[in-house]
Amino acid sequence: MKLIRNFRHRSIYHSMGLDFSTMTEVEIVRDKHAHYRRGYYINCQGKLLGIVATSRGPLFFCDGDTYLLQDNFKFQLLHHTEENTFMFTWEGSIKLHIVYPRMLYKRGDVWVDDMVQDFFTWLVMATKRKKFYSFYTLDEKEQESDMKLLEAVHS
């Protein structure tokens, strides 16, 4: 079983992981040998969503729906006083719209969104980086197990 790390659970003693092939969360204890896939997920408002590396590039998922991130998507993060609105647009239509409380920290005299604790802020910023696509694209050695995983998710 290969797991995706929970974005918010980074304890070395226990954390949560997602078995992507079955879309089930499991608790991981320190002495258990877990194998990880490159990616992160969160459980937000009852939805399991995240990003995972595949041989075809970064794959965004929300529960059972998967979206290969190429030129046909857009992540938006709108900041309001006490809440943020995250939107994911795929091929021109909004697929995900989540409103959640802001997580802020003070940088100098300014309060800014915390991309260390806020998955959506991290995701929006990460997709703007040049290395994001190469980092979330698996090499040839990993392609065979990756294809089996993608087949399991879509069956």
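What counts as what
Residues numbered from 1 in each chain as written. Predicted model: local features only at pLDDT ≥ 70, side-chain atom pairs only at ≥ 80, totals over all residues. Heavy atoms only, no water. Helix = DSSP H or I, 4+ residues; strand = E, 2+ residues; numbered from the N terminus. Buried < 20%, exposed > 50% of the residue type's maximum accessible area, 1.4 Å probe, protein only. Contact = heavy atoms within 4.5 Å. Areas by Shrake-Rupley, 256 points an atom, 1.4 Å probe, with all protein chains shown as cover. Pairing = 2+ DSSP bridges.

1. Here we look at the overall build of the protein chain
Each helix and strand counted, the protein chain has three helices and 12 strands in total. Taken across its 155 residues, the protein chain has 43% of its residues classed as buried. Within the protein chain, contacts between residues at least 6 apart in sequence are counted, and of these 43% link residues at least 24 apart. Summed over all atoms, the accessible surface of the protein chain reaches about 9300 Å², with 50% contributed by carbon and sulfur.

2. Observations concerning the side chain of Thr121
Along the chain, Thr121 falls in helix α1 (residues 119-126). Relative accessible area serves as the criterion here: at 8%, Thr121 is assigned to the buried category. When neighbours within four sequence positions are excluded, Thr121 is seen to be in contact with Leu77, Asn84, Tyr100, Asp113, Asp114 and Met115.

3. Re the pairing of strand β7 (residues 65-68)
Both strand β6 (residues 59-62) and β7 contribute to a ladder of four bridges, which runs antiparallel. For Phe61, the partnering residue across the bridge sits in β7 and is Thr66. Where β6 hands over to β7, the hairpin turn is made up of two residues, of which Asp63 adopts a positive phi near 55°.

The quantities given are spatial measurements derived from coordinates; they are silent on function.
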